[in-house]
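A look at the structure
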Amino acid sequence: MTKSGVVDLADKSITWTVDISASKAGAAIDLGGYQFFDDLGTVGEYVSGSFTVDGASATPAEEGSGIRYVFPGGSISSKQITFKTRISDDAYYATAEQSVTNKADLLNSEDVIVKDGQITVKFNPPKWIEKTGKSSEEGST
């Protein structure tokens, strides 16, 4: 399980990508019944409608600050999940580099973590104002 994130300051979001692969005895397994879970409490609000599995729109269950997706039967490994979260105003309007750490879990049908993936995404907020000056020996500057 690997995770990555790409910041889009134009729409104040981070697009997260999670690649999940599983095999047994060298053969890809069916992920049916396994669950993808991501607690977004420290990451930002989930952008409704942004969740996809292998490029196809899917709907995760929203649980408090987290999202959960149960793979249906026939979900042969490997799978790629993408979704977006909102960048908080505090991070967006900050004046220094920001970092957001997110961890996703792959759970079995009994809610036991089988694998996890974590990534820290860093970004510099937009530069809102810049002041420059030039000294001179002429007149009162």
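Residues numbered from 1 in each chain as written. Predicted model: local features only at pLDDT ≥ 70, side-chain atom pairs only at ≥ 80, totals over all residues. Heavy atoms only, no water.

**Notes on the packing of aromatic side chains**
The test is simple: Between 30 and 60 degrees the pair is tilted, below 30 it is stacked and above 60 it is edge-to-face, where a pair is any two Phe, Tyr or Trp rings, Trp via its six-membered ring, whose centres lie within 6.5 Å. A helix here means a DSSP run of H or I that spans at least four residues, while a strand means a run of E at least two residues long, and both kinds are numbered starting from the N terminus. Any residue under 20% of the maximum accessible area for its type is buried, any over 50% is exposed, and the rest in between are partly exposed; the area is computed with a 1.4 Å probe on protein chains only. By definition here, charges over rings are those cases where NZ of Lys or CZ of Arg is within 6 Å of the ring centre and within 35 degrees of the ring normal.
In this structure the tally under the stated criterion is six aromatic pairs. For the ring pair Phe51 and Tyr69, a centre distance of 5.5 Å and an interplane angle of 40 degrees mean the geometry is tilted. Taken together, the residues Phe51 in the loop between strand S5 (35–39) and strand S6 (52–53) and Tyr69 in strand S9 (residues 66–70) connect sequence positions 18 residues apart. For the residue pair Phe51 and Tyr69, the accessibility class agrees, reading buried in each case. Ring geometry for Tyr92 versus Tyr93: centroids 5.0 Å apart, planes at 85 degrees, classification edge-to-face. For Tyr92, a relative accessible area of 11% corresponds to the buried category. Taking relative accessible area as the criterion, Tyr93 reaches 48% and is therefore assigned partly exposed. By the ring-pair criterion, three or more aromatic residues cluster together here, those being Phe36, Phe51, Tyr69, Phe71 and Phe83. Here the guanidinium or amino end of Lys3 rests over the ring plane of Trp16, the centre of that ring lying 5.2 Å away.

**Observations concerning the environment of Thr42**
Filter applied, for reference: The contact criterion used is simple: two residues touch if any of their non-hydrogen atoms lie within 4.5 Å.
Take Thr42: it is sitting in the loop between S5 and S6. Along the primary structure Thr42 and Thr101 are separated by 59 residues, whereas in three dimensions their C-alpha atoms are 7.7 Å apart. Setting aside residues up to four positions removed in sequence, Thr42 forms contacts with Val100 and Thr101.

**Thoughts on the nonpolar core**
Looking at soluble globular proteins, one finds that nonpolar side chains tend to be buried together. Quick note on the threshold: Note on terminology: a nonpolar core comprises buried Ala, Val, Leu, Ile, Met, Phe, Trp, Tyr and Cys residues joined through side-chain atoms within 4.5 Å.
Membership of the largest hydrophobic core comes to 27 residues, with the highest contact counts inside it found for Ile20, Phe36, Phe51, Phe71, Ile81 and Phe83. Among the elements of the structure, strand S2 (13–20), S9, strand S10 (79–86), helix H1 (89–92), strand S11 (98–107) and strand S12 (113–123) are those that each provide at least two residues to this core. Considering each element in turn, this core owes the most residues, four residues, to S2. Each residue touching Ile20, except ones within four places of it in the same chain, is listed here: Met1, Leu31, Phe36, Phe71, Ser77, Ser78, Lys79, Ile81 and Leu106.

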